[in-house]
Amino acid sequence: MNRKVELILGWIACGLSMMYLIMSLISYFTVRQNSNTEQYQQMLKQVGNQDVKVTPEMINFAMTFSMGTLIFSTLLGIIGMSIIKGRPILAGSLLIVAALVGIFNMSLIAGVLWIVVAIMLFVKKDPNQPNKKPKSVKPSMDDWQSERAYNDRKKDDPYIY
């Protein structure tokens, strides 16, 4: 079955997620350097509130957790995209999980694209897959014969209406 649109949209989403991951890695390593104390203090002012004290460990943990979940969603997206041709239902399920985790990480565009691809995978049916066709409405010859026999009995028996 031709699933070119699903493949294109899905790989675009995977590419966007990878670009976001690379940008997160670069920002993580620049924050971790000790020479960037000015940038770090600026980030603490933006994140911090008067009521809440933000420590460097909190920021490092948040960035590490965000990158870990982003890596997880990107891997799920890549695995889902690689099995689209063979098992579309499983691929759609993996893409929905990847989209939910990706949206949690603010990778919104990739998440929406993965959801669109998953819906397309669930909706589009494979023409090679056998599906039950409804019986034709057109009566066959046997139906006419049984109708004729019924009418003949009806003429002979006064109790059949």
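Calculation rules
Residues numbered from 1 in each chain as written. Predicted model: local features only at pLDDT ≥ 70, side-chain atom pairs only at ≥ 80, totals over all residues. Heavy atoms only, no water. Helix = DSSP H or I, 4+ residues; strand = E, 2+ residues; numbered from the N terminus. Buried < 20%, exposed > 50% of the residue type's maximum accessible area, 1.4 Å probe, protein only. Contact = heavy atoms within 4.5 Å. Areas by Shrake-Rupley, 256 points an atom, 1.4 Å probe, with all protein chains shown as cover. Salt bridge = Lys/Arg side-chain N within 4 Å of Asp/Glu carboxyl O. Phe/Tyr/Trp six-rings, centres within 6.5 Å; stacked < 30°, edge-to-face > 60°. Core = buried A, V, L, I, M, F, W, Y, C linked by side-chain atoms within 4.5 Å. Axes fitted to C-alpha atoms, helices over the stretch in contact; angles between N-to-C directions. Parallel < 35°, antiparallel > 145°, perpendicular 65-115°, else oblique. Left-handed = near helix turned anticlockwise from the far one by under 90°. Nonpolar A, V, L, I, M, F, W, Y, C, P; charged D, E, K, R; others polar. Expected span 1.5 Å × (residues − 1). Arc of directions from axis to C-beta.

**Student:** Can you tell me about the overall build of the protein chain, naming the residues and giving the values?
**Tutor:** Along the backbone of the protein chain there are 6 helices and 0 strands. Along its sequence from the N terminus, the protein chain presents helices and strands in the succession α-α-α-α-α-α. Residues counted as buried form 27% of the 161 residues belonging to the protein chain. Residue pairs in contact within the protein chain that sit at least 24 positions apart in sequence constitute 69% of those at least 6 positions apart. Put simply, the protein chain shows about 12000 Å² of open surface, and 65% of that area lies on carbon and sulfur atoms.

**Student:** Go over the pattern of salt bridges with me, naming the residues and quoting the values.
**Tutor:** Within the structure shown, the criterion is met by 2 salt bridges. For Arg3, the salt bridge is made with Glu6, and the minimal N-O distance between the two is 3.7 Å. Taken individually, Arg3 and Glu6 each receive the classification buried, so the pair is uniform in this respect. Across the pair Glu6 and Lys124 runs a salt bridge whose closest N-O atoms are separated by 3.5 Å.

**Student:** Break down the packing of aromatic side chains for me, with residues and values.
**Tutor:** Summed over all chains, the structure comprises 3 aromatic pairs. With a centroid separation of 6.4 Å and 85 degrees between ring planes, the pair formed by Phe65 and Phe104 is classed as edge-to-face. On the criterion of sequence distance, the pair formed by Phe65 in helix α3 (residues 56–82) and Phe104 in helix α4 (residues 88–104) is long-range, its members being 39 residues apart. The rings of Phe61, Phe65 and Phe104 are connected pair by pair, giving a single aromatic cluster.

**Student:** Can you break down the nonpolar core residue by residue, with the values?
**Tutor:** Counting residues in hydrophobic clusters, the biggest one holds 16 residues, and the most contacted among them are Ala13, Met81, Ile84, Leu95, Trp114, Val117 and Leu121. Residue assignment for this core shows that the elements contributing at least two residues are α1 (4–32), α3, α4 and α5 (108–123). For this core, the leading source of residues is α5, giving 6 residues. Setting aside residues no more than four positions away along its own chain, Ile84 makes contact with Arg3, Glu6, Leu7, Ala91, Val117 and Leu121.

**Student:** Account for the side chain of Glu6, with residues named and values stated.
**Tutor:** Among the structural elements, Glu6 can be located in helix α1. Non-local contacts of Glu6, meaning those with residues more than four positions away in its chain, are made with Met81, Ile84, Val117, Met120, Leu121 and Lys124.

**Student:** Could you give me a rundown of the packing of α4 against α5, with the residues and numbers involved?
**Tutor:** Interhelical geometry of α4 versus α5 gives an angle of 160 degrees and a closest axis separation of 8 Å. Here α5 runs roughly antiparallel to α4, going by the angle between their axes. By crossing handedness, the relation of α4 to α5 is classed as left-handed. When α4 is examined against α5, the residues Pro88, Ile89, Ala91, Gly92, Ser93, Leu95, Ile96, Ala98, Ala99 and Ile103 are found in contact with a partner set consisting of Leu108, Gly111, Trp114, Ile115, Val117, Ala118, Leu121 and Phe122. Looking at side-chain class alone, the contact of α4 with α5 contains 15 nonpolar, 3 polar and no charged residues.

**Student:** Any chance you could break down the environment of Ser73 for me, citing the residues and the numbers?
**Tutor:** By the element assignment, Ser73 lies in helix α3. As for Ser73 and Ile103, which are separated by 30 residues in sequence, their C-alpha atoms are 9.4 Å apart. Leaving out residues up to four positions away in the same chain, Ser73 has contacts with Ser17, Ala98, Val101, Gly102 and Trp114.

**Student:** Break down α5 for me, citing the residues and quoting the values.
**Tutor:** For α5, built from 16 residues, the straight-helix expectation of 22 Å at 1.5 Å per residue is met to within 8% by its first-to-last C-alpha distance of 23 Å. For α5, the full list of buried residues reads Ala110, Gly111, Leu113, Trp114, Val117, Ala118 and Leu121. End-on, the buried residues of α5 take up no more than an arc of 165 degrees, which puts them together on one face. Looking at α5, the residues exposed on the side facing more than 90 degrees away from the buried face are Ile109 and Val123. Packing partners of the buried residues in α5 comprise α1, α3 and α4.

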